[in-house]
Amino acid sequence: MPARRGRPRRAANRGAAGEGRAEAAWREFAASFAQAGMVPPGGAGLAAAEAAEGAAVLLLGPQQALTFSGKCRLTCLYGAVRVLGFAVAPHQPPLPLLSPPTHCALSLEALPAASAAHADPRQLRTAARSALRAHRVRRQARLKLMARFSPDCAVVLLEHLDTAVTRFLLSLPPLCRLFEPQVSRGPTPRRPDGRAAQREDEPDVTAEAAVLAAVGIVPCSPERGLLLSDSTLCALQELVRVCCVEDEGVPVIMVCGPKSIGKSTFNRYLINLLLNHLPSVEYMECDIGQTEFTPPGCVSLSNVTEPFLGPPFTHQRTPRKMVYYGQTSCEQDTERYIDVVKYVFSSYRKEVPLVINTMGWVKGEGLLLLTDMIRLLSPTHVVQMDVYDWKAMAPLTPESVHLAPGLYTKGKQRAKGERMDLSAAESWKCSEGEEDASAPEYKLLYVHPEFPRAGAAGEARVHSSILRDMSILGYLGQLQPPDVASVLPLHSLVPYQVPFNAVALRVIHTDVAPTNIMYAVNASWVGLCRIPDEIRCQTAGPVLLTQTPICDCLGFGIVRGVDMEKHLYHILTPVPPENLRVVNCLLLGNIAIPNCIFVSQEGIEGEIPYVTSEYNYSILGSGKLRKKKHFKKRECTFQCDYT
């Protein structure tokens, strides 16, 4: 894929100013506590003090936790803390923590120190004081923390977090308050004596909260954090044990369940737990509607070596293997979906444990497709997540999967008069001597989430389409230079120039006439792929494929323009040039660029390209979308307007 790229033009510094205003707003928020006289002493065991400008030190007592919203950078100075399953110790580098109100809040939990019971308390106190001095914590802050020090406590340094991706996200008007807590504006609750009471979703008003707010985080109720049920803890403990022991080979763990049941959160917690014991874990994403490491519409295989302590849009990265399916649902082409899953799974080397995430489509053909997936991928453990009444799906016992037909595979025929009993959810184990050699061999683990709205897809905190847009925006944030404080609007960046005859072109989700193909490609989101066939074109192009290939996807880009005179595509992408050299195919799917990219960027004057307010609704197919009135209206707690 020949490419030429110039230097980005000078852009306005309004992005940097916006980030500065956001940081100043946090400090003003913190100062307002003291000005209003609302600074009672902090709770027992927890102490926070300002370490420097934009930094704070926090002391957590034994088994104490801090649940918060916002973003910061964490460094453990003494003891150990756990965040979303990952244990952070003093020898580890700083970690970014991102806890927006779109997802459950993160919690910092102090872990018991294994050596504290046997070490000299005076030596431990000296080590903690030395760590504070090494990070240049102010003397007043050191004195405050050491006054509450105990050998089994934890001391962490929290710093203001500012990255190129977060700057880009916060520069967009719909996301400018992304990491701020959402406080309801309903009537003020009253105490029995008539005085105003604090709402449950309001941040704690303490001296510690004022210090933490200056960093960029606000303490919130523990109920807003991750709530792990007993069945979840038992499943996690069992999976960590088998992955560390590996008595029967390398485990392959498949997590399945209906929508909004918590599969992605379970996977994050499990992988972070495994990284406490293993150098890496493989993760296969089969949910094309809610992907973890890539923009939506992808099936991918990633090697995870670092914990991910935030939602998907904060840790977009390049997988080891990725195929662009091009849609957020596979209902229209399940056969190609199965072929894509096979192609990606063939790259798994079976050297480290594999965690497989599946779609929330578990009814009708979706359940048949899930049965095919279990037979195809041969997991050693299946984690089935569902509410207690099993409304979404019956237990996926090895016996039921062995007998049930799939969408493309056949189940074993039952003998005449034989009936399969699925009434007891815990009776999944086959009796000794009765197990069929051809039956699937895996251990089924039941997980019953107990967090509010579990399994209620219509009552999710944020609509899935908004989360998909945020993943795309997080990916586009990689275009921002890391060493530039200001945010460069995407229209100020110089795109790559790609000749028509250098790449093949294919529209995945629909048929487009060759005369209209350039209209479809212009201002579109495309997958940058590599097909094994050499592109040969005697003319200036374009080169059109007649079938959708199953091929490696190296990244994504925006077709900023099409030059019909010079026969060039203008593509904006964060994919490095060394990878672009092997790209020879552009795939256009049913994934749209978020509206805010067109209408909410800084520096646009006059008429906005690709956006029109004058539209002829008499054209066939251009009418308004019909409302589906049988669907329950969703009340999102996170306000985000992309129009």
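In this report, the structure presented in the accompanying data block is examined.

Cut-offs and rules
- Residues numbered from 1 in each chain as written.
- Predicted model: local features only at pLDDT ≥ 70, side-chain atom pairs only at ≥ 80, totals over all residues.
- Heavy atoms only, no water.
- Core = buried A, V, L, I, M, F, W, Y, C linked by side-chain atoms within 4.5 Å.
- Buried < 20%, exposed > 50% of the residue type's maximum accessible area, 1.4 Å probe, protein only.
- Helix = DSSP H or I, 4+ residues; strand = E, 2+ residues; numbered from the N terminus.
- Salt bridge = Lys/Arg side-chain N within 4 Å of Asp/Glu carboxyl O.
- Arc of directions from axis to C-beta.
- Contact = heavy atoms within 4.5 Å.
- Pairing = 2+ DSSP bridges.
- Axes fitted to C-alpha atoms, helices over the stretch in contact; angles between N-to-C directions.
- Expected span 1.5 Å × (residues − 1).
- Parallel < 35°, antiparallel > 145°, perpendicular 65-115°, else oblique.
- Left-handed = near helix turned anticlockwise from the far one by under 90°.

**Here's the deal with the nonpolar core**
- If you look at the biggest cluster of nonpolar residues, it comprises 67 residues, and the most contacted ones within it are Tyr-324, Leu-476, Trp-525 and Tyr-569.
- The element best represented in this core is helix H11 (residues 464–476), accounting for seven residues.
- Formed by 55 residues, the second largest nonpolar core is a distinct cluster that contains Leu-46, Val-156, Val-281 and Val-447.

**A word on the pattern of salt bridges**
- A full pass over the atoms with the stated rule returns 13 salt bridges.
- Note that Glu-292 and Arg-268 form a salt bridge whose closest N and O atoms lie 2.9 Å from each other. Remark: Arg-268 occurs in helix H7 (residues 263–274) and Glu-292 occurs in the loop between strand S11 (281–285) and strand S12 (298–304); sequence separation between them is 24 residues.
- We classify Glu-292 as buried; its relative accessible area is 2%.
- Among the residues examined, Arg-268 registers a relative accessible area of 7% and is labelled buried.
- Look at the salt bridges and you will find they share partners, linking Glu-238, Arg-241 and Lys-443 into a network.

**A closer look at helix H3 (residues 139–147)**
- Inspection of H3 places Ala-141, Arg-142, Leu-145 and Met-146 among the buried residues, and these make up the whole buried set. The buried residues of H3 occupy one face: seen down the axis, they fall within an arc of 125°. Residues of H3 that are exposed and angled more than 90 degrees away from the buried face: Arg-139, Gln-140 and Ala-147.
- Residues of H3 that are buried make contact with strand S1 (47–52), strand S2 (55–60), helix H2 (121–134) and strand S8 (154–159).

**Focus: the sheet that holds strand S16 (residues 443–447)**
- Strand order in the open sheet formed by seven strands is S13-S12-S11-S14-S10-S15-S16, and the pairing between neighbours is mixed. Only two strands of the sheet have a single partner each, and these edge strands are strand S13 (321–324) and S16. Going across the sheet, the axis of each strand differs from the next one's by a mean of 15°, ignoring polarity.
- As paired elements, S11 and S12 share five bridges and run antiparallel to each other.

**Some points on H7**
- Taking 1.5 Å per residue, 12 residues should reach 16 Å; H7 reaches 16 Å between its end C-alpha atoms and fits that length.
- Here H7 lies mainly inside the structure; 10 of its 12 residues are buried.
- Three or more residues of H7 are buried, namely Lys-263, Phe-266, Asn-267, Arg-268, Tyr-269, Leu-270, Ile-271, Asn-272, Leu-273 and Leu-274.

**What to know about the sheet that holds strand S18 (residues 504–507)**
- The mixed open sheet is built from seven strands, whose spatial order is S17-S22-S21-S19-S23-S18-S20. The strands lining the two open edges of the sheet, one partner per strand, are strand S17 (496–499) and strand S20 (543–544).
- When strand S21 (residues 552–563) meets strand S22 (residues 568–572), the two strands line up antiparallel, connected through five bridges. Residue pairing for S22: Val-559 is matched across the bridge by Ile-571.

**Section: the packing of helix H6 (residues 230–245) against H7**
- Contact pair H6 / H7: the axes reach a minimum separation of 10 Å and the direction vectors enclose 40°. By the angle class used here, H6 and H7 are oblique. In this structure, H6 crosses over H7, and the sense of that crossing is right-handed. On the side of H6, the interface is formed by Thr-232, Ala-235, Leu-236, Leu-239, Val-240 and Cys-243, while H7 contributes Phe-266, Tyr-269, Leu-270, Leu-273 and Leu-274.

**What about the environment of Leu-278?**
- Relative to the elements of secondary structure, Leu-278 occurs in the loop between H7 and S11.
- Leave out the neighbours within four places in its chain, and Leu-278 touches Cys-243 and Pro-353.

**Quick notes on unusual backbone geometry**
- Of note, the phi angle at Lys-350 is positive, near 60°, even though the residue is not glycine.
- Along the polypeptide, Lys-350 turns up in the loop between helix H8 (334–345) and strand S14 (354–357).

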